[in-house]
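What the coordinates show
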Amino acid sequence: MKANKIITGLALVGAIAFTATGCAGGGGGAAGGGGDGVITVGFAQTGSESGWRSANTESMKEAFSEANGFNLIFNAADNKPEAQIAAVRSFINQGVDAIVLAPIVTDGWDDVLKEAKDANIPVILEDRTVSASEDLYASWIGLDFTKEGETAGTWVAENFGSTPTNMVVLEGTTGSSAATDRASGFDSAIEGTDIKVLDSQTGNFTRAEGKTVMEGFLQKYGSQINLLFAHNDDMGLGALEAIKAAGLTPGTDIKIVTIDAVKDGMTALSKGEFNYIVECNPLLGEKTAEVVKKVVAGESVDKSYIVEDQAFDQEQAKKVLDSRPY
Ligand code: GYE
């Protein structure tokens, strides 16, 4: 996937603050953009599985506010792909001006995206990607998940790669671009090292499943486990509980590397319970709203906008913890 524009996380945060204070008054009005200037947007969110997702939903609701000229119809599909497809179909039937989609999984979008195209309703992707043809959506605002996985894997390879190390992996939602791309980036970075994958299973990006799956790993492999790679903070935080309950010390007996850098994850990292976090910026609302406005106005936009992420070890986390916006 190509990045046409790179926006830094910091610039994005700044831009959001600007919109919140400098918003134009958009007159209220009926749905459907019938000449009153109000843009009706259907947003199909994945669900509410993680701290990242809560921050993303908040950012989107703030940017797609009435004060900013939008009428937002929000749907969260509880991470059920069929329910999300149904939500998009219902947006089409309601005749919204634009659809914003954070696709739970990559595959299965061709038909409903064609239906949106036939109905002349532009679709803008945010967060994850789809495997459907690029002609079926106007733009994508998201993150480079492969690079996030690579950054995590490179740190692991540098720190543990030359000693025999047994790793377990908590994967994100199966079939999501976030899980698939993070896994492939990570795997390519640890290739040829002494790191052995004992087991790898999905925890669906949730704290509860991260805990249950980690309990299973601990029962099966016990103290053989040296390292955990979790595709997001929440699964890592669930695993922390399982590790402590097993009488082991997270961050010491089992090293932990995660992705997201939400407040709870960064707090665990500051305390030394996590060892490394690669950031994934959830504040995509401002940029997405800007792109939607342009698309609805018939202006040209780039096919993709990628927000750049940072990464933190314990010392770096301590320094930035208080100033983290999410
Ligand atoms: O890392 C995870 C969330 O798609 C980037 O989904 C997103 C991921 C994020 O539930 O916490």
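Please refer to the structure higher up on the page.
Notes on the structure follow. These numbers come from a predicted model, not from an experiment. (Residues numbered from 1 in each chain as written. Predicted model: local features only at pLDDT ≥ 70, side-chain atom pairs only at ≥ 80, totals over all residues. Heavy atoms only, no water.)

**Description of the site of the ligand**
- The local shell around the ligand holds 13 residues, among which Glu49, Asp127, Arg128, Asn232 and Asp260 are the closest.
- At 3.0 Å, a side-chain N or O of Ser50 approaches an oxygen atom of the ligand.
- In isolation the ligand has 300 Å² of accessible area, and contact with the protein removes 100% of it.
- Contributing elements (two or more residues each) for the shell around the ligand: α2 (51–63) and α6 (177–190).
- Split by residue class, the shell around the ligand holds 5 nonpolar, 2 polar and 6 charged. (Near = heavy atom within 4 Å. Polar contact = N/O pair within 3.5 Å; in protein donor to acceptor, adjacent residues only side chain to side chain. Areas by Shrake-Rupley, 256 points an atom, 1.4 Å probe, with all protein chains shown as cover. Helix = DSSP H or I, 4+ residues; strand = E, 2+ residues; numbered from the N terminus. Nonpolar A, V, L, I, M, F, W, Y, C, P; charged D, E, K, R; others polar.)

**A word on the pattern of salt bridges**
- Taken as a whole, this structure holds 18 salt bridges when the rule is applied.
- A salt bridge links Arg207 to Asp234; the nearest nitrogen and oxygen atoms lie 3.2 Å apart. Of the two residues, Arg207 sits in helix α7 (residues 207–221) while Asp234 sits in helix α8 (residues 233–245), which places them 27 residues apart along the sequence.
- Residue classification places Arg207 among the partly exposed positions, given a relative accessible area of 32%.
- The residue Glu315 makes a salt bridge to Lys318 at a minimum N-O spacing of 3.5 Å. Here the residue Glu315 and the residue Lys318 both occupy positions in helix α11 (residues 314–320), the gap between them amounting to 3 residues, near one helical turn.
- For Glu315, a relative accessible area of 46% corresponds to the partly exposed category.
- Here Lys318 falls in the partly exposed class, since its relative accessible area comes to 45%.
- Each of Glu49, Arg53, Asp127 and Arg128 takes part in one network of salt bridges that share partners. (Salt bridge = Lys/Arg side-chain N within 4 Å of Asp/Glu carboxyl O. Buried < 20%, exposed > 50% of the residue type's maximum accessible area, 1.4 Å probe, protein only.)

**Description of helix α4 (residues 110–118)**
- Of the positions making up α4, those classed as buried are Val112, Leu113 and Ala116. End-on view of α4: buried residues confined to an arc of 100°, all on one side of the axis. Seen from the open side of α4, the exposed residues pointing more than 90 degrees away from its buried face are Asp111 and Asp118.
- At the exit of α4 stands Asn120, carrying a positive phi of roughly 60°. (Arc of directions from axis to C-beta.)

By themselves, these are just geometric observations and shouldn't be taken as functional.
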